[in-house]
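# Understanding the architecture of this molecule
Chain residues, written in single-letter form:
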Amino acid sequence: MKNLFFVLIVVFGFTACSSKNNINKQTPSTLEKKVETKTSKETSDDEFNEDFGDDFDGGYAKVEEVFDPLSGYNRIMTTFNDKVFIYALNPTAKGYAYVLPKTVRSGISNFFDNLMFPLRFVNNVLQFKFQNSAEELGRFLINTTFGLAGFMDPAKTEFGWEQHDEDFGQTLGFYGVGEGFHVVLPFLGPSNLRDMVGLVADSYTSPLSNTGSSDLRYKIPDTQTQSLAIRATSVVNGTSLRLGLYESLKKDAFDLYPYFRDLYNQRRNTLIKE
Amino acid sequence: MKDIFKVLLLTLFSISSLFALQKDEIKTVMSKKIDASISIIKKENLTSKQKGQEIIKIIDEVFDYRKMALISLGRNAWVSATTEQKKRYLKAFEINLKNSYIDKLGLYTDQKVKVVDIESTFTQKSNVERIKLITELIGQSESYKVNYLFYQNRNKEWLIYDIDLAGTSVIATARKQYAGLLKQKSLEEMISEIEAKNNING
């Protein structure tokens with residue numbers, strides 16, 4: 001069953017990518033034509049051109065249509081996740097933050113980050129970022145020993161070695177895999193086909209999940225329930241360190257679903273480029 | 001004769017720098033402005049509204065709200081707008097942007113901001129210089145990049161025309177949102193919606 005789902009995702013991913021490329025190929029030529037005909041009319045208006053300059057094609061750039069076959073489902077799921085955040089996650093994280101001081105929560109966050117080392121290491125290597133993967137290895141060794149099992153981050157404070165977040169979704173993007181189309185996952189939030197494939201590989205590599213425990217010996221949880229519990233703790237702890245961020249982002253939205261979809265796409269694209 | 005020329009040139013430079021932000025000053029001036037904004041946010045005796053007003057005073061002169069508003073709306077919608085609508089839109093956009101910026105800045109009362117670097121690029125089409133000031137919000141567990149993008153207006157002033165928050169462009173996001181709204185609504189309705197949002201968030 002799981003395999004069938006995976007195959008379906010991959011097949012959809014490829015068809016989606018190819019159709020998307022076609023759309024991209026068509027747009028520039030039509031866009032250029034429009035710009036040419038219109039700029040000749042309005043070059044007299046100097047101040048006007050000054051305001052737009054080169055940006056977004058002198059203000060003519062069309063906002064690209066997003067290929068979004070699941071928009072109906074995605075909208076409903078965005079509302080669902082929003083309610084989950086407002087009524088369950090946020091109050092829990094607030095209570096949690098009230099009980100535990102920030103230094104402790106930030107230590108727990110460091111601890112989870114440190115455990116996710118294999119994921120970052122593998123993906124940095126896969127993207128030929130050898131300097132980063134060497135730093136990741138150094139960070140893991142130092143923080144696990146001198147950093148008290150990862151609760152502290154002496155590698156950063158003493159050596160200036162930053163954490164280099166990379167996941168399989170980014171690695172696929174690095175190799176040119178298109179995003180396919182947008183999918184909002186229940187509880188997990190915005191994603192797309194590429195990143196969903198990435199998530200499957202992430203959870204296989206991650207020590208905090210129990211998928212693939214027969215192949216990889218470093219898995220911490222023995223059962224699905226334990227894995228969920230660890231994951232929930234990590235999410236609540238993470239949210240407690242970012243209280244107010246979601247609300248602040250939401251304030252800027254005129255229509256929640258396309259707004260979050262756009263933010264997600266922009267952010268992922270930046271991360272892939274880095 | 002040479003000396004006179006030098007003196008003239010010097011005075012000319014010093015006069016122009018009195019009014020306009022110069023390229024080599026961006027880093028120092030912005031560092032000061034960001035530090036000042038953060039210290040206002042940390043003041044406990046001010047209401048959030050007062051803090052907002054204080055911060056606006058500091059950042060107002062480096063933000064080009066008009067340019068941001070225009071590229072967010074796009075040329076076609078701008079051309080079709082009446083003078084009255086243009087005025088209302090510019091005002092609504094400016095308030096919206098300020099509210100959003102101050103709100104985000106207010107999230108990080110215990111964090112530090114580090115000015116990392118300054119980068120110069122040239123636009124593809126007309127080869128005009130652009131400057132990116134890279135800053136970092138350093139939190140206890142995570143840090144986010146906040147980049148300020150500058151262009152030079154015809155008075156040779158360097159002004160901010162976009163902000164990049166953790167890899168997402170404020171203007172690109174606004175552009176997408178406005179385009180989405182204009183698909184279902186008239187410009188008039190869209191402006192009213194921004195104004196309504198400003199009344200809630202302000």
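Residues numbered from 1 in each chain as written. Chains lettered and ligands numbered in written order. Predicted model: local features only at pLDDT ≥ 70, side-chain atom pairs only at ≥ 80, totals over all residues.

## Notes on the overall build of chain A
In terms of helices and strands, chain A carries 12 helices and 2 strands. The proportion of buried residues among the 274 residues of chain A is 30%. Counting only contacts in chain A whose residues sit at least 6 apart along the sequence, the fraction spanning at least 24 positions is 63%. (Helix = DSSP H or I, 4+ residues; strand = E, 2+ residues; numbered from the N terminus. Buried ≥ 20, exposed ≤ 12 C-beta atoms within 10 Å, placed from the backbone. Contact = placed C-beta atoms within 7 Å.)

## Examining the overall build of chain B
Tallying secondary structure elements over chain B gives 8 helices and 5 strands in all. Reading chain B from its N end, one meets helices and strands in the order α-α-α-α-α-α-β-β-β-β-β-α-α. For chain B, buried positions account for 27% of its 202 residues. Long-range contacts, defined as pairs at least 24 residues apart, comprise 53% of the intrachain contacts of chain B with a sequence gap of at least 6.

## Considering the confidence of the model for chain B
Put simply, chain B has an average pLDDT of 86, and 89% of its residues get 70 or more. ipTM for the predicted complex: 0.85, alongside a pTM of 0.83. (pLDDT = per-residue confidence, 0-100.)

## Examining the nonpolar core
If you look at the biggest cluster of nonpolar residues, it comprises 35 residues, and the most contacted ones within it are Tyr148(B), Phe150(B) and Ile160(B). Ignoring sequence-local partners within four residues, the contact set of Tyr148(B) consists of Met30(B), Leu133(B), Ile160(B) and Ile163(B). Counting 8 residues, the second-largest nonpolar core is a separate cluster that includes Met77(A), Phe168(A), Phe181(A) and Val183(A). (Core = buried A, V, L, I, M, F, W, Y, C linked by C-beta atoms within 7 Å.)

## Structural notes on helix 5 (residues 117-126) of chain A
Given 3.6 residues to a turn, an α-helix orients residues that are three or four positions apart in the same direction. All names here are of chain A. Along helix 5, the residues classified as buried are Phe117, Leu119, Arg120, Phe121, Asn123 and Asn124. If you follow the buried residues of helix 5, they end up packed against helix 4 (102-115), helix 6 (130-145), helix 8 (168-174) and helix 9 (193-205). With its phi angle positive at about 60°, Phe128 sits one or two positions after the end of helix 5.

## Let's talk about the interface of chain B and chain A
At the interface, 33 residues of chain B touch 31 residues of chain A. Counting residues per element, the ones that place at least two in the side of chain B that touches chain A are helix 4 (65-73), helix 6 (83-106), strand 5 (168-169), helix 7 (170-184) and helix 8 (187-201) of chain B. By residue number, the principal contributor to the side of chain B that touches chain A is helix 7 of chain B, which donates 8 residues. Among the residues forming the side of chain B that touches chain A, the class breakdown is 10 nonpolar, 13 polar and 10 charged. (Nonpolar A, V, L, I, M, F, W, Y, C, P; charged D, E, K, R; others polar.)

## A few points about the packing of helix 6 of chain B against helix 8 of chain B
Residues and elements named next belong to chain B. In contact at an axis separation of 9 Å, helix 6 and helix 8 are set at 35° when each is read in the N-to-C sense. In this structure, helix 6 crosses over helix 8, and the sense of that crossing is left-handed. Residues Gln85, Arg88, Tyr89, Ala92, Phe93, Ile95, Asn96 and Asn99 of helix 6 form the contact with helix 8, whose own contacting residues are Leu187, Glu188, Ile191, Ile194, Glu195, Lys197, Asn198 and Asn201. Looking at the contact of helix 6 with helix 8 residue by residue, the classes come out as 7 nonpolar, 5 polar and 4 charged. (Axes fitted to C-alpha atoms, helices over the stretch in contact; angles between N-to-C directions. Left-handed = near helix turned anticlockwise from the far one by under 90°.)

## Some thoughts on the sheet that holds strand 1 (residues 112-122) of chain B
Residue and element names in this part refer to chain B. The 5 strands lie next to each other as 1-2-3-4-5, forming an open sheet whose pairing is antiparallel. Two strands close off the open sheet at either side, each with one partner strand: strand 1 and strand 5. Sheet topology places strand 2 (residues 129-138) next to strand 3 (residues 143-152); 8 bridges connect them, and they run antiparallel. Each residue of the ladder has a partner; that of Ile138, found in strand 3, is Ser143. Of the strands in this sheet, strand 1, strand 2, strand 3 and strand 4 (158-165) are in contact with helix 2 (residues 26-42), which crosses strand 1 at around 150°. (Pairing = 2+ DSSP bridges.)

## A closer look at unusual backbone geometry
Despite not being glycine, Phe187(A) has its phi angle at roughly 65°, a positive value. One non-glycine residue, Lys156(B), lies in the positive phi region at around 65°. If you trace the backbone, Lys156(B) turns up in the loop between strand 3 and strand 4. The class for Lys156(B) is exposed, based on 12 C-beta atoms found within 10 Å.

## Points about the pairing of strand 4 of chain B
All names here are of chain B. Here strand 4 lies mainly inside the structure; 8 of its 8 residues are buried. Inspection of the sheet shows strand 3 paired to strand 4 by 7 bridges, in the antiparallel sense. When the sheet's bridge partners are listed, Phe150 is paired in strand 4 with Ile160. Connecting strand 3 to the antiparallel partner strand 4 that follows it, the hairpin turn spans 5 residues, and Lys156 within it adopts a positive phi of roughly 65°. One ladder, built from 2 bridges, connects strand 4 with strand 5; its direction is antiparallel. Across the sheet, residue Asp164 finds its bridge partner in strand 5, namely Ser169. Connecting strand 4 to the antiparallel partner strand 5 that follows it, the hairpin turn spans 2 residues, and Ala166 within it adopts a positive phi of roughly 50°.

## A closer look at the pairing of strand 2 (residues 189-192) of chain A
All names here are of chain A. Note: strand 1 (residues 182-185) against strand 2, 4 bridges, orientation antiparallel. Within strand 2, the residue paired with Leu185 across the bridge is Gly189. Between strand 1 and strand 2, which follow one another and run antiparallel, lie 3 residues, and Phe187 among them has a positive phi close to 65°.

## Quick look at the packing of helix 3 (residues 71-99) of chain A against helix 12 (residues 256-273) of chain A
When two helices pack together, their arrangement is captured by the angle between the axes and the distance separating the axes. All names here are of chain A. Between helix 3 and helix 12, the shortest axis-to-axis distance is 9 Å and the interhelical angle comes to 90°. Our classification of the angle between helix 3 and helix 12 gives roughly perpendicular. Seen from helix 3, the contacting residues are Asn74, Arg75, Thr78 and Asp82; seen from helix 12, they are Leu256, Tyr257 and Phe260. Residues that form the contact of helix 3 with helix 12 fall into these classes: 3 nonpolar, 2 polar and 2 charged. (Parallel < 35°, antiparallel > 145°, perpendicular 65-115°, else oblique.)

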